[in-house]
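# Coordinate analysis (summary)
Single-letter residue listing:
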Amino acid sequence: MAARKSDYFGLSYVVSLILAIIPFTAWILGIVTRFQEGKIVAGIVRIFFGWIVWILDLIFMIMKKEICRLLNV
């Protein structure tokens with residue numbers, strides 16, 4: 001199994017971190033990423049609560065190098 005480079009479309013960690021800092025970009029990419037993973041409910045939650053999850057994404061990207069995954073549904 002190949003290791004993924006980062007959460008946003010396989011981009012490097014630095015590029016993903018820069019994209020995660022920009023609120024609107026992080027919101028859109030977070031939604032698209034969750035739908036690509038097949039996590040429909042998590043994608044819908046990100047649509048409605050994207051600004052709250054954006055803060056969690058920043059914390060997770062800095063500490064764990066991946067976006068926040070509260071729901072795996």
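Along each chain, the written sequence defines residue order, and numbers are assigned to residues from 1. Two thresholds apply to this predicted model, a pLDDT of at least 70 for residue-level local features and 80 or more for giving and counting side-chain atom pairs, whereas whole-chain, interface and lining totals are computed over all residues. As a convention, hydrogens and water are excluded, and side-chain values are obtained from all of the structure's heavy atoms.

## As for helix H3 (residues 40-63)
Let me state the cut-off plainly: Comment: elements are numbered from the N terminus, with helices defined as DSSP H or I runs of at least four residues and strands as E runs of at least two. The length a helix should cover is 1.5 Å for every residue beyond the first. The angle between axes fitted to the seven residues ending at a residue and the seven residues starting there is what we call the bend at that residue. The rule is simple: take the accessible area with a 1.4 Å probe, protein chains only, and divide by the maximum for that residue type; under 20% is buried, over 50% is exposed, in between is partly exposed. The criterion used for residue contact is that any of the two residues' heavy atoms lie within 4.5 Å.
Its 24 residues give H3 an end-to-end C-alpha distance of only 25 Å, which falls more than 12% under 34 Å, the value for a rise of 1.5 Å per residue. Along H3, the helix axis deviates most sharply at Phe49, where the bend reaches about 100°. Turning to H3, its buried residues are Ala42, Gly43, Arg46, Gly50, Val53, Trp54, Asp57, Leu58 and Met61. Looking at the buried residues of H3, the elements they touch are helix H1 (13-21) and helix H2 (23-36).

## Observations concerning a nonpolar patch on the surface
Heads up, the rule is: Candidate patch residues must exceed 30% relative accessible area and have no salt bridge, after which like charges are joined if within 9 Å and Val, Leu, Ile, Met, Phe, Trp or Tyr side chains if within 5 Å. Only the protein chains shown count as cover for residues, and the accessible areas themselves come from Shrake-Rupley with a 1.4 Å probe. The salt bridge criterion pairs a side-chain nitrogen of Lys or Arg with a carboxyl oxygen of Asp or Glu, the two atoms within 4 Å.
On the surface, a nonpolar cluster with roughly 610 Å² of combined accessible area is contributed by Phe9, Leu11, Val15, Phe24, Ile28, Val32 and Trp51. If one sorts the elements of the nonpolar patch by residue count, H2 sits on top with 3 residues. As for its placement among the helices and strands, Val15 is situated in helix H1. Given the relative accessible area of 37%, Val15 is considered partly exposed.

## Quick word on the packing of H1 against H2
Each pair of packed helices can be described by the angle between their axes along with the distance between the axes. So the rule is basically this: Here an axis means a line fitted to C-alpha atoms, over the contact stretch when the element is a helix, while the angle between two N-to-C directions is reported on a 0 to 180 degree scale. Angles below 35 degrees are treated as roughly parallel, those above 145 as roughly antiparallel, those between 65 and 115 as roughly perpendicular, and all remaining angles as oblique. Classification used: nonpolar for Ala, Val, Leu, Ile, Met, Phe, Trp, Tyr, Cys and Pro, charged for Asp, Glu, Lys and Arg, polar for all others including Gly.
Between H1 and H2, the least distance of the axes is 5 Å, while the angle of their chain directions is 110°. Between H1 and H2, the angle falls in the class roughly perpendicular. Note on element contacts: H2 touches H1 through Pro23, Thr25, Ala26 and Leu29, opposite Leu19, Ala20 and Ile21. Looking at side-chain class alone, the contact of H1 with H2 contains 6 nonpolar, 1 polar and no charged residues.

## Side note on the nonpolar core
Let me state the cut-off plainly: Among buried residues, those of type Ala, Val, Leu, Ile, Met, Phe, Trp, Tyr and Cys that are joined through side-chain atoms within 4.5 Å constitute a nonpolar core.
Within the largest apolar cluster, 10 residues are counted, these being Tyr8, Leu17, Leu19, Ala20, Ala26, Leu29, Trp54, Leu58, Met61 and Ile67. Elements with a contribution of two residues or more to this core: H1, H2 and H3.

## Here's the deal with the packing of aromatic side chains
Worth spelling out the cut-off: Between 30 and 60 degrees the pair is tilted, below 30 it is stacked and above 60 it is edge-to-face, where a pair is any two Phe, Tyr or Trp rings, Trp via its six-membered ring, whose centres lie within 6.5 Å.
Taken as a whole and judged by the stated rule, the model has 2 aromatic pairs. Between the aromatic rings of Phe24 and Trp27, the centroid separation amounts to 5.8 Å while the plane-to-plane angle is 50°, which identifies the pairing as tilted. One end of the pair, Phe24, and the other, Trp27, are both in helix H2, 3 residues apart, so they sit about a helical turn from each other. Ring plane angle 20° and centroid distance 5.9 Å describe the contact between Trp27 and Trp51, whose orientation is recorded as stacked. Of this pair, Trp27 sits in helix H2 while Trp51 is found in helix H3, placing the two residues 24 residues apart along the sequence. Chaining the aromatic ring pairs together yields one cluster made of Phe24, Trp27 and Trp51.

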